[in-house]
Amino acid sequence: MPEEGIKHYRRIIDLKKSLAGIYQSLGIIYRKRNLINASIISLKNALAITPQVASIHYDLGLSYSLVDSLLQKGIDSYKKSIEIDSTDASVHYELGMLYGKTGKPGHQIWELQKAIKLRPDYPQARIDLAIAYFNNRQYISSWEQIKEFEKSGLAVSPKFLSALTKALPRPKD
């Protein structure tokens, strides 16, 4: 009765995948309710069942990034997500922002550039890249990002524009 055994085995696999999805959803809910430890535990349970799901690593990275002592684990989780699927601009964006938070501006710029390359219409990544360039004293590159950001019809913070203008007046087009 090998067919019967195969059918039961497939049913168990489907149940485990479903359970992993439940753990992931629960982890997201816990994070939204600021129950970070519970979120991390739930997402780790999801990974124990389905370790090759990029979105679970991403969600775990989001939870880790909310705890200062776990920022490196957040970076590692985002990297694992990218290792599985490098096409999600949001993961590159979050990794870039975490690099910025941990004092790695070169890495931050690199990841934000990747996010924009994957999704050119990503205004938050574009403005944060402009800020990262500014913080790294790459003012011309910062102005280039501002110009692209303004094409989206969104307004740049007057305070940021003022600081950038003081560092380097707006280049003529």
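This text goes with the structure placed above it.
Residues numbered from 1 in each chain as written. Predicted model: local features only at pLDDT ≥ 70, side-chain atom pairs only at ≥ 80, totals over all residues. Heavy atoms only, no water.

> For this particular structure, what's the right way to read the packing of aromatic side chains?
Working definition: an aromatic ring pair is given by the centre-to-centre distance plus the angle between the planes. Per the stated rule, a full pass over the model turns up four aromatic pairs. The rings of Phe134, Tyr139 and Phe160 are connected pair by pair, giving a single aromatic cluster. Here the basic side chain of Arg119 rests over the ring of Tyr122, its NZ or CZ set 3.9 Å away from the ring centre. (Phe/Tyr/Trp six-rings, centres within 6.5 Å; stacked < 30°, edge-to-face > 60°. Lys NZ or Arg CZ within 6 Å of the ring centre and 35° of its normal.)

> Just to check I follow, could you spell out the pattern of salt bridges for this structure?
A side chain of one charge can pair with a side chain of the opposite charge if their charged atoms are brought near each other. Taken as a whole and assessed by the stated rule, the structure comprises six salt bridges. Across the salt bridge formed by Lys114 and Glu111, the nearest N and O atoms sit 3.4 Å from each other. With Lys114 and Glu111 both in helix 6 (residues 105-118), this residue pair falls three residues apart, about one helical turn. Looking at Glu111, the relative accessible area reads 7%, which means it is buried. (Salt bridge = Lys/Arg side-chain N within 4 Å of Asp/Glu carboxyl O. Helix = DSSP H or I, 4+ residues; strand = E, 2+ residues; numbered from the N terminus. Buried < 20%, exposed > 50% of the residue type's maximum accessible area, 1.4 Å probe, protein only.)

> Help me out: how do you make sense of the environment of Lys73 in this one?
With respect to the helices and strands, the residue Lys73 is situated in helix 4 (residues 71-84). A sequence separation of 10 residues divides Lys73 from Ser63, and the C-alpha atoms of the two residues are 9.7 Å apart.

From the geometry alone we can't say anything about function, so treat these as descriptive.
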